[in-house]
Amino acid sequence: MNRSGKIGIGWTITLSFLALLIIGALAITQRMADAGKQVRSEIAAIIARGEPIDVSQLGGQPVPPYQNAANDYATAFAILSGPGAEVYKKKYEDFAGSGQKPIGEDKWMEASKGISHFESVVPIVEKAISKPACKFPVNWSAGAGALFPHVARLRDLARYFSARAIVAAHENNVDTAIKSIELGIGVVEANRNEPTIISLLVRIAMLRVNTYTLCNVMNEINLNEAQAKSLDKALSQVDLNEGLRNAMIGERAFGLWCFDEVKKHGFSKSLGSYLSGGSGFSASAIGNDMLARTFSNADILYFLSVMKNEIDNAALTSREIKKKSKTISAKSSPPRYAYVSKIIAPVYSRTREARDMAVADVICARVSLGLQAY
């Protein structure tokens, strides 16, 4: 105050600034409180739909060993990775999937020898496909640390059946060629219930190997009506739309796990390893633990809205998504407060595009089979 008892201009500005800070702090506090209520409401709605919110729930109910095809697949994996296995796999690896096949007959004979070496996996996979469930051992509670070594082994198995079908067609062994494609499609479906992006992408890769294989086989041999319909029925069972939806549900649970880790251990310790993984962020650039925790509920709310959009629109193609609404594409740029979402939420459009390509392959294959049957 000055000598006349009035507050000076400097103090007036200072007090006004402090008042604005207090008002702003109260507004942020209220907004975070509202965000917290909305998060709890969203979580309750997810639970009411019977969908998982905790990574430990992603494994679902245990499967009795005698019903679990994963045990049989483990036996097949052991055969394909046994002593000296790589030598035999190299004999046929150029024949798996698509691409130009070697012309020399000696190459075909070598491939046939390599395939015959692993013939014992055929009845094992037949047995696995006949079982009602398949659940591979995964430590889902590890969250982002969960490992899925079986997906690469399934892909290895799918490539074996691809080569087996192509070589059988070259040798005019129609029944073996068709059976190999059907077994390959069965392998595609082995991890269909795993709610993760990695499992879905491997399924897509294996399915495309199978459709390319079918194309190669149909260039070599003519299928009769019953054979064409049998392969068409096998392909008709594959549902990648539902696979994408399940994967998004699983990714949402993984995301919520990450938010819990940040709340428990702080932002830097929980997600520090991701900061140098191409995200373009650093601990100094995106704020400290206190800031991340302050905006945690708003961040979670944003993340849940993104995932809800992905789950609800899982059946739509990439083109349909672009046409549907501009707000969907706008969500690809997270708000500044979404510190965790910026790191844990990848660009799902690439997964959708991969799914669309695989679906297109299946449609083309089924049209070809329909024409062949006709």
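Placed above this text is the structure.
Model, not experiment: these values are computed from the prediction.

Cut-off values and rules
- Residues numbered from 1 in each chain as written.
- Predicted model: local features only at pLDDT ≥ 70, side-chain atom pairs only at ≥ 80, totals over all residues.
- Heavy atoms only, no water.
- Core = buried A, V, L, I, M, F, W, Y, C linked by side-chain atoms within 4.5 Å.
- Buried < 20%, exposed > 50% of the residue type's maximum accessible area, 1.4 Å probe, protein only.
- Helix = DSSP H or I, 4+ residues; strand = E, 2+ residues; numbered from the N terminus.
- Contact = heavy atoms within 4.5 Å.
- Axes fitted to C-alpha atoms, helices over the stretch in contact; angles between N-to-C directions.
- Parallel < 35°, antiparallel > 145°, perpendicular 65-115°, else oblique.
- Left-handed = near helix turned anticlockwise from the far one by under 90°.
- Nonpolar A, V, L, I, M, F, W, Y, C, P; charged D, E, K, R; others polar.
- Expected span 1.5 Å × (residues − 1).
- Polar contact = N/O pair within 3.5 Å; in protein donor to acceptor, adjacent residues only side chain to side chain.
- Salt bridge = Lys/Arg side-chain N within 4 Å of Asp/Glu carboxyl O.

**Q** I'm lost on the nonpolar core in this one. Help?
**A** Of all hydrophobic cores here, the largest spans 93 residues; its most connected members are Tyr-73, Leu-157, Phe-161 and Val-187. The biggest single contributor to this core is helix α6 (residues 149–170), with 12 residues. With residues near it in sequence (within four places) discarded, Leu-157 still touches Tyr-73, Ala-76, Phe-77, Leu-80, Val-121, Val-125 and Val-187.

**Q** Mind showing me how you'd approach the packing of helix α2 (residues 69–80) against helix α5 (residues 121–130) here?
**A** A packed helix pair is summarised by two numbers, namely the angle formed by the two axes and the spacing between the axes. Here α2 crosses α5 at 160°, and the two axes come no closer than 8 Å. As far as their axial angle goes, α5 and α2 are roughly antiparallel. In the crossing of α2 with α5, the sense of the turn from one axis to the other is left-handed. Contacts between α2 and α5 involve Ala-69, Asp-72, Tyr-73, Thr-75, Ala-76, Ile-79 and Leu-80 from the first element and Val-121, Ile-124, Val-125, Lys-127, Ala-128 and Ile-129 from the second. For the contact of α2 with α5, the residue count by class is 10 nonpolar, 1 polar and 2 charged.

**Q** Mind showing me how you'd approach helix α9 (residues 225–236) here?
**A** An α-helical turn contains 3.6 residues, so any two residues separated by three or four positions project in the same direction. Between its first and last C-alpha, α9 extends 16 Å over 12 residues, near the 16 Å set by a 1.5 Å rise per residue. Residues of α9 that are buried make contact with α7 (174–188), α8 (197–220) and α18 (349–373). The N-capping residue of α9, defined by a side-chain oxygen 3.1 Å from the backbone nitrogen of Ala-226, is Asn-224.

**Q** Can you walk me through unusual backbone geometry in this structure?
**A** A negative phi angle characterises most non-glycine residues, just as the trans form characterises most peptide bonds. Its identity as a non-glycine residue notwithstanding, Asn-172 has a phi of 60°, on the positive side. In this fold, Asn-172 is placed in the loop between α6 and α7.

**Q** Which parts of the structure should I look at to understand the pattern of salt bridges?
**A** Pairing is possible between side chains that carry opposite charge, provided their charged atoms lie close to one another. One pass over the structure, following the stated rule, counts 18 salt bridges. Lys-127 is paired through a salt bridge with Asp-72; the nearest N and O atoms lie 3.9 Å apart. Separated by 55 residues along the polypeptide, Lys-127 in helix α5 and Asp-72 in helix α2 bring together distant segments of the chain. Residue Lys-127 is classed as partly exposed on the basis of its relative accessible area, which comes to 46%. For Asp-361, the salt bridge goes to Arg-208, with nearest N and O atoms at 2.6 Å.

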